[in-house]
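# Coordinates in review
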Amino acid sequence: MIRREAFSLSRPGAALACVLALGTGAEALAQDDSSASPEVAADSSSDPADSFGLGAMLDVGAPDGIGVSAVARPVRWLRINAGLTTNTLSFGVRGGISLVPLSTFISPSINLDVGHYFDANYNDLIDRLGGIPLRTSVPIEDVGYNYGGASVGLEIGRPDRFSFYLRVGLARGSMTIEDADRLLKDVTNDPDITARPLTLRFTTPSVKLGFLLYLF
């Protein structure tokens, strides 16, 4: 008689234990899901443009000419570039930074660039820069120039993959003619004239149209 009562009491106890175990497991599963959901949400909301990126850009404009550069994006809003340029008269080097405040399909940009062109023919170079060439038949060789400029731009595309851009601004530069004696003697018809190296400075509008592609 006592054994039957003990057996009958044990069955409700086992059922109660099962219910408690199921409830505890469901609560733990719910806690795991709730704790994991913010991470999933954070991963889904992360911006790919926030990660470090390397790419290349190709552009054409003035006074840069045609340029090919490597681009690094250490943070979303900053780009650093360095590369080679040509104006069909000589080759040059260029570097710059760009500030891109928005990570959207259409975004403005602020840009600073500096560059140097190696030696070229002076007479043709003045024509290219929009100046008035001196009336002389003396070719002035081995003349390069430095320039720097600031511009604002508009970029269209995916900020983490590719974009087209248009930039406009102002650039200032200078060139130095080391052998200015021949030029001045020919212009003045004075064979006894002497001169120090001649430095010319210029200010010109700058415009640039290009394409940027991130490789990874």
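Quick look at the structure, then. If you're wondering where the values come from, they're calculated on a predicted model, not measured in any experiment.

Scoring rules and cut-offs
- Residues numbered from 1 in each chain as written.
- Predicted model: local features only at pLDDT ≥ 70, side-chain atom pairs only at ≥ 80, totals over all residues.
- Heavy atoms only, no water.
- Phe/Tyr/Trp six-rings, centres within 6.5 Å; stacked < 30°, edge-to-face > 60°.
- Buried < 20%, exposed > 50% of the residue type's maximum accessible area, 1.4 Å probe, protein only.
- Helix = DSSP H or I, 4+ residues; strand = E, 2+ residues; numbered from the N terminus.
- Lys NZ or Arg CZ within 6 Å of the ring centre and 35° of its normal.

## Focus on the packing of aromatic side chains
This structure, assessed with the given rule, holds 5 aromatic pairs. Pairing Tyr-145 with Tyr-147 gives two aromatic rings, centres 6.1 Å apart and planes at 45 degrees, and the pair type is tilted. Judged by relative accessible area, Tyr-145 falls into the buried class, the value being 3%. Its relative accessible area of 6% is what places Tyr-147 among the buried residues. Consider the rings of Tyr-145 and Phe-202, whose centres lie 5.9 Å apart with planes at 75 degrees: the pair is edge-to-face. In this pair, Tyr-145 is assigned in strand β6 (residues 143-158) and Phe-202 in strand β8 (residues 198-214), connecting sequence segments 57 residues apart. By relative accessible area, which is 15% here, Phe-202 ends up buried. Grouping aromatic residues by their ring pairs yields a cluster made of Tyr-117, Tyr-145, Tyr-147 and Phe-202. In this structure, Arg-73 is placed above the aromatic ring of Tyr-214, and the distance from its NZ or CZ to the ring centre is 4.4 Å.

## What to know about unusual backbone geometry
A cis amide bond, omega 5 degrees, links Ala-62 with the succeeding residue Pro-63. Here Thr-88, not a glycine, exhibits a phi torsion of approximately 70 degrees, which is positive. When its relative accessible area of 60% is taken as the criterion, Thr-88 is described as exposed.

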